Amino acid sequence: MEFQREQELKIGEKDYYVVDVLKIDGNTYLYTQEIRDGELVENAYVVFKYDSEKNGMSIIKNEEKLNDLLNKFAENIMKDLGDSSNE
């Protein structure tokens, strides 16, 4: 399954907005923000790992792994913002 920024997904009983997608060592990670009543929920960000074999998502809870991924998401977003400002 392919994911992209600004995509809306239903995971479990909740709706999420995809802020960014990273592929690292064959794994797909999604940086998401929860949507409730059609609005983005402030401070409700979740990082998921997509499991293609199970066609499901798991929440990244390990603090060290989460911090590493958040840094990579930030770098990726900043790189893309820099690229778009040069256009």
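The structure this text deals with has already been given above.
Residues numbered from 1 in each chain as written. Predicted model: local features only at pLDDT ≥ 70, side-chain atom pairs only at ≥ 80, totals over all residues. Heavy atoms only, no water.

A few words now on the side chain of Thr 28. Considering the arrangement of structural elements, one finds Thr 28 in strand E3 (residues 27–36). Setting aside residues no more than four positions away along its own chain, Thr 28 makes contact with Phe 3, Val 21, Leu 22, Lys 23, Phe 48, Lys 49 and Tyr 50. (Helix = DSSP H or I, 4+ residues; strand = E, 2+ residues; numbered from the N terminus. Contact = heavy atoms within 4.5 Å.)

Bringing the pairing of strand E2 (residues 14–24) into the picture now. Sheet analysis places strand E1 (residues 8–11) next to E2, joined by 4 bridges and oriented antiparallel. The residue bridging Leu 9 from the neighbouring strand is Tyr 16, located in E2. Relative to E3, E2 runs antiparallel, the two being bridged by 9 bridges. Across the sheet, residue Ile 24 finds its bridge partner in E3, namely Asn 27. As consecutive antiparallel partners, E2 and E3 are separated by 2 residues, and within that stretch Asp 25 has a phi angle of approximately 50°, a positive value. (Pairing = 2+ DSSP bridges.)

One pass over the full model with this rule turns up 8 salt bridges. Among the ionic pairs, Lys 79 bridges to Asp 80, the shortest N-O distance being 3.5 Å. (Salt bridge = Lys/Arg side-chain N within 4 Å of Asp/Glu carboxyl O.)

This model, assessed by the stated rule, comprises 4 aromatic pairs. Look at Tyr 31 and Tyr 45: their rings are 5.5 Å apart centre to centre, the planes differ by 20°, and that puts the pair in the stacked class. Remark: Tyr 45 occurs in strand E4 (residues 39–51) and Tyr 31 occurs in strand E3; sequence separation between them is 14 residues. The class of Tyr 45 is partly exposed, set by a relative accessible area of 42%. (Phe/Tyr/Trp six-rings, centres within 6.5 Å; stacked < 30°, edge-to-face > 60°. Buried < 20%, exposed > 50% of the residue type's maximum accessible area, 1.4 Å probe, protein only.)

Function-wise, these values are silent; they only describe arrangement.
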